[in-house]
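A structural walkthrough
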Amino acid sequence: MAGLAAAFGSGAMTNSIADLGEADVALVIGSNTAEAHPIIGIELKRAAKNGTRIIMVDPRRVRLADHAERWVAIKPGTNTAFLNAMMSIILAEGLADHAFIAERTEGFDALRRLIEDYDVDAAAEICGVTAEEIRQVALAYGSAGKASIVYSMGITQHTSGTEQVRAIANLAMLTGNIGRPGTGVNPLRGQNNVQGACDLACLPNCLPGYQPLTERGTLDRFCDYWETDHELPAESGLTLVEMMDAAVAGELKALYIMGENPAVADPNQTHVLEALEALDFVVVQDIFMTETAAFADVILPAATFLEKEGTFTNTERRIQRVRKAVDAPGEALADGEIILRLSRAIGLEMDYETPAEVMREMAEVTPQYGGVTYERLEATGGLQWPCPDADHPGTPILHAERFTRGKGAFAAVDYVPSPEQVDTERPLILTTGRQLWNFHTNTMTDNSPGLAELSDHPYIEMSRADAEPLGICDGDLVEMTSKHGTVTAHAHVGRENAPKRGVVFMPFHFADAPANRVTSSAVDPTSKIPGLKVTAVRITKVKTPSN
Amino acid sequence: MTTTFDTTTLTVTIDGRRIAARTGQTVLEVCRENSIHIPTLCYDPRLKPYGGCRLCIVEIEGLRGYPTSCTTTVADGMVVTTESEALFELRRSVIELLLSDHKVDCLTCQSSGQCGLQDTAYEHAVEMPRFSGELHVEFIESENPLIARDLTKCIMCGRCVRICAEVEGRYVYGFTDRGFDSLPNTPYGVPLHDAYCEFCGQCVSTCPTGALSNKLGKFKGRIWEVEHTETTCGYCGVGCTLDVSTKNGKVIDVTAPLERGVNGGNLCAKGRYGWGYTHSPDRLTTPLVRRDGELVEVTWDEAIAEIAERLTAIRDEHGPESIGGLASAKCTNEENYLFQKVLRAGIGTHNIDHCARL
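All values reported here derive from a predicted model rather than from experimental measurement.

In terms of helices and strands, chain A carries 20 helices and 21 strands. Taking 547 residues into account, the globule formula puts the C-alpha radius of gyration at 24 Å, and chain A, at 24 Å, falls close to it. The principal-axis extents of the C-alpha atoms in chain A amount to approximately 65 × 65 × 45 Å. Classification of the 547 residues of chain A by burial places 61% in the buried group. Considering only contacts in chain A between residues 6 or more positions apart, those separated by 24 or more positions represent 71%.

Structure follows, in structure tokens:
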């Protein structure tokens, strides 16, 4: 998000879900769309049937590859080298959109210097693919009238994630694939309301609507509006990973956790557990007794989305209504109601009768939500921000006439190897991700009869080529060790979605075999996203199950 | 590329009404747009026209026989009749034939009240079918926890086969065997799980009879007893529109309204079946405070007072930067806004984050 915001002025998906099918070519890179975003997967499958050329770039043969024209099995963490090589070919073949570059962008010269003489063969070597594969993808994307890029955590969850996103933005701008139907740069958001939580500034470095908190004027305006006595600093707070570090260092004393399970979801689990242990005071507000709640001094019972009113903002920036279908059990309360009670207790008067009243205030202080009201949401079924005023119909495609920041900014970013490199001791690369029947830390799916029974076993997926020399067969119990920890699970060898040689995959959903016990918490220096997609590991066989 | 209709407007006459239509539209689509009812069993707006059930037949001037309206595209000046004595009798015969080998089980069938066959039989006054014949051998797959398949109620409309192929691209079902024995089934009749089924339940959502039904909601409520709430899914970032069916304060089923929202009636396994956690007996139901290492139940007032006291004390002693908050990508916009407001305006810190990066 930080990368895209720097390039375009907005970190959100530029186009809409319905618009994906308009593309002549869709480059899907670092996204297991069919499992993590199944309904967007349906759109892409439909698009493929109607003639859109789908190109998958992923270390695993993810399910959507069945519908793609081509699957390029790239090594985790090498996307920037791949994308730069693509751009080099596009430029050399005369497929760059120079009119667009001249009119709509800035900073191209530095990128041109980088990609003009880019060594495509060396890039192919780094990526573990052939130069011809890169060339074919470059020609397909570069010569398309309308080309779209879809990506997800496979791009961002790297210590060089910001660079990888910049490289994607570069590629789209180089070919003028921005601002029209069937084009764009489309990051898919993993959770139902990540977009909204970002928009409303549950982030340490901005105020609602991504307004800078380093501008004293903006900050003071908020302080006045909120009628607070506190002198808020004009500098960013701590990110999640930084908070864990600060807790271990004894600088952070209290943590209030609303509906998150960092004990399982966050990288380097040992470090997180140490942090939770070190804190003086922990509040956990959740629907279940999660692994994190075990560290809490106070645990508050919250309501699920089926038990409350409000709005979510989806990955295509569409603000939609959430309506209450059932009552919360026992004394459980909606998270909003709990926050209101707490705010009164600490002396901040907040009086809202309904979520609709909160939305009125949000619309006043958040420019993108300026024209959003519950009445309009009821009438339209949803509005895509920016929707600055009551007459604005919402914005299906961003950056149509001009970029949010004015001109699109190129950045000459080159491939930076991950700090996690394979060696003889740890010869395989672990990449983590989601799978279809589980969600995040499994709090919801594991407690849902039916789904829970379909998939209740953690596993490590590997190719036949890697498994055979280790004497590992499908179903064997194996141990995976990194510099950070060890985890044990059953091996899936050479199955449907097997990764390429040299790469192993493990879903991160399972608390009894948490993939994040072996991942590192090293983060991207700009976005602070941890590099979860690349960890050097060793795998050894523990035993063959007897049956 | 989505199907782009030529925007040229044509004029057709349907049951004496002059109606504007677009090139490329089928007669059935124009009728549906204009609230002209034509009975159908094999039609689903998510699927390509099929022309299998023969119930949507109409009369068109200048055309011989009774063309199916779902597969006939409109032409300028076309004159269509959707209701006549002949059409009624033909449709009635089709329904009687369908019923001749149907396990009529409306007493306890989960689909009763939302069954295409039941509705069309009623509409065409089929009290006693003229024909009776062999029934299919009882075939109920129960080796999975979600989808019940009772093919003695199958009418061979092919919607399950087509939605799995056309929309999901999974090809779990195909027609197996020949003649009377032909049924939509998995390869070699293996259980769904072994046929690489994703359990999205799209086949259940399109089945017009009780041949496919959701196990979770079975015997929990009839369609006419449930309340419906339209909301937005709480799993991934797509934001699908859900129709949540509840009875006596419990969710019994989740479906997606056709032609609404980003999903247009489609759902995945999590969205359709992943709601049971909300009624789990393991839900937290009382505020808890740790006293001498043990968690004890307290009232809301006590819990809130304890938090306010401890946070204020920590802030006074170590400064506001010693307090942090993790918001949630699962909570609503309004809740996340209030959360950061309390931390910023109430505590005085920007130490706020959530799992956007994970």
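Turning our eyes to something else, we now look at the environment of A:R405. Residues and elements named next belong to chain A. Tracing the sequence through the fold places R405 in the loop between β14 (383–384) and β15 (408–409). With 15 C-beta atoms counted inside 10 Å, the residue R405 sits in the partly exposed group. Apart from the residues lying within four places of it in its own chain, the contact partners of R405 are F8 and G9.

Turning our attention to the interface of chain B and chain A. Interfaces are often sized by the accessible area lost when the parts come together. Between chain B and chain A, the contact holds 101 residues from the first and 123 residues from the second. Examining the composition of the side of chain B that touches chain A, we find that 13 residues originate from one element, helix α8 (residues 333–347) of chain B, more than from any other. Split into classes, the residues belonging to the side of chain B that touches chain A amount to 48 nonpolar, 35 polar and 18 charged. Judged from the 4 bridges that link them, strand β9 (residues 254–258) of chain A and strand β15 (residues 323–326) of chain B form a sheet pairing that is parallel. From the neighbouring strand, A:I257 faces β15(B), where its bridge partner is B:L326.

Residues and elements named next belong to chain A. If you check the domain split of chain A, you get domain 1 (2–188) and domain 2 (428–543). Averaged C-alpha coordinates put domain 1 and domain 2 at centres separated by 26 Å. Counting residues at the interface gives 23 residues for domain 1 and 23 residues for domain 2.

With their axes 9 Å apart at the nearest point, helix α16 (residues 335–345) of chain A and α8(B) run at an angle of 20° to one another. Looking at the two axes, α16(A) sits roughly parallel to α8(B). Seen from above, α16(A) lies across α8(B) with left-handed handedness. Mapping the contact onto sequence places A:D335, A:G336, A:I339, A:L340, A:L342 and A:S343 in α16(A) and B:E334, B:E335, B:L338, B:F339, B:V342 and B:G346 in α8(B). The residue makeup of the contact of α16(A) with α8(B), split by class, is 6 nonpolar, 3 polar and 3 charged.

Quick notes on the rules
Residues numbered from 1 in each chain as written. Chains lettered and ligands numbered in written order. Predicted model: local features only at pLDDT ≥ 70, side-chain atom pairs only at ≥ 80, totals over all residues. Helix = DSSP H or I, 4+ residues; strand = E, 2+ residues; numbered from the N terminus. Rg over C-alpha atoms; globule rule 2.2 N^0.38 Å. Buried ≥ 20, exposed ≤ 12 C-beta atoms within 10 Å, placed from the backbone. Contact = placed C-beta atoms within 7 Å. Nonpolar A, V, L, I, M, F, W, Y, C, P; charged D, E, K, R; others polar. Pairing = 2+ DSSP bridges. Domains from an automatic or database assignment. Axes fitted to C-alpha atoms, helices over the stretch in contact; angles between N-to-C directions. Parallel < 35°, antiparallel > 145°, perpendicular 65-115°, else oblique. Left-handed = near helix turned anticlockwise from the far one by under 90°.

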